[in-house]
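Structural overview
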Amino acid sequence: MNIDVLHFTEAQWNVLNYDQRKIVYDAQAEKNKLQKKLESDKESAKLMLIANGTARSTLLDAMINELIEAYEAEVRDLADITYDSVANAESPSSGGGGITGTDPTAVAYDPSSPDYSLDALDRFRAVKEYYMAIEGAEVRLNAFLADTTAKDYLGEYYSTMLSYLESFL
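It should be emphasised that the depicted structure is a prediction, and the values quoted were computed from it without experimental measurement.

Here we look at helix α3 (residues 59–88)
Along its 30 residues, α3 runs 44 Å from first to last C-alpha, staying within 8% of the 44 Å computed at 1.5 Å per residue. Those residues of α3 not exposed but buried are Leu 60, Ile 64, Tyr 71, Val 75, Leu 78, Ala 79, Thr 82 and Val 86. Those residues of α3 hidden inside the fold are in contact with α2 (18–52).

Written out as structure tokens, the structure reads:
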């Protein structure tokens, strides 16, 4: 399935959990339905004007433009709703919306004593929050590269985190 309802970088897509990806897939399916409906409505408008003997008038262009504008407005609304849903989706493993600086129960990453009891996604989130709190993309990336614990702690997600941090340069 080609995902074009939202435009994510590869790094952004890689950090989405199952529920967030399902939201995006469902939204893409809805967008595809809207697109099929647009094509059907355009064809119906054309056939209606042909039946009335007015197909060569500027009325067809006006009707098609109106249909396209309505479609684009619906897609924008769908994208906004989808983005909000993805951003606010709860992580099934953490029981909340992820790690935030104001959440007193949030698990923070500490390179000197990382919490290995967390699952891979929560580890990724903790490391991401830790490094995103550092000002300056280059300083942040250099700090991450100097962190000898992160590679073992993140495992297969290390390269994803590296790509994510590099995307800010």
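Digging into the environment of Pro 114
Within the fold, Pro 114 resides in the loop between α3 and α4 (120–132). On the accessibility criterion, Pro 114 (17% relative accessible area) is buried. Remark: the alpha-carbon pair of Pro 114 and Thr 149, spanning 35 residues in sequence, is separated by 8.0 Å. Residues within four places of Pro 114 in sequence aside, it is in contact with Tyr 109, Thr 149 and Tyr 153.

Brief notes about the packing of aromatic side chains
Going through the model one piece at a time under the given rule, you end up with 10 aromatic pairs. Seen in terms of ring centroids, Tyr 131 and Phe 144 are 5.3 Å apart; in terms of plane orientation they differ by 85°. Their pairing is edge-to-face. Highlighted residues: Tyr 131 in helix α4 and Phe 144 in helix α5 (residues 137–146), separated in sequence by 13 residues. Note on Tyr 131: relative accessible area 2%, which makes it buried. The class for Phe 144 is buried, based on a relative accessible area of 0%. Among the aromatic residues, those joined into a ring-pair cluster are Tyr 109, Tyr 116, Tyr 130, Tyr 131, Phe 144, Tyr 153 and Tyr 158.

Considerations on the packing of α4 against α5
It is at 9 Å that the axes of α4 and α5 come closest, and there the two elements cross at 135°. Between α4 and α5, the angle falls in the class oblique. On α5, the residues touching Val 127, Tyr 131 and Met 132 of α4 are Arg 140, Ala 143 and Phe 144. Looking at the contact of α4 with α5, its residues break down into five nonpolar, no polar and one charged.

Side note on helix α7 (residues 158–166)
For α7, the set of buried residues is Tyr 158, Thr 160, Met 161, Tyr 164 and Leu 165. For α7, the buried positions fall inside an angular range of 160° around the axis, keeping them on one side. Along its buried surface, α7 packs onto α1 (10–14), α4, α5 and α6 (150–154).

Calculation criteria
- Residues numbered from 1 in each chain as written.
- Predicted model: local features only at pLDDT ≥ 70, side-chain atom pairs only at ≥ 80, totals over all residues.
- Heavy atoms only, no water.
- Helix = DSSP H or I, 4+ residues; strand = E, 2+ residues; numbered from the N terminus.
- Expected span 1.5 Å × (residues − 1).
- Buried < 20%, exposed > 50% of the residue type's maximum accessible area, 1.4 Å probe, protein only.
- Contact = heavy atoms within 4.5 Å.
- Phe/Tyr/Trp six-rings, centres within 6.5 Å; stacked < 30°, edge-to-face > 60°.
- Axes fitted to C-alpha atoms, helices over the stretch in contact; angles between N-to-C directions.
- Parallel < 35°, antiparallel > 145°, perpendicular 65-115°, else oblique.
- Nonpolar A, V, L, I, M, F, W, Y, C, P; charged D, E, K, R; others polar.
- Arc of directions from axis to C-beta.

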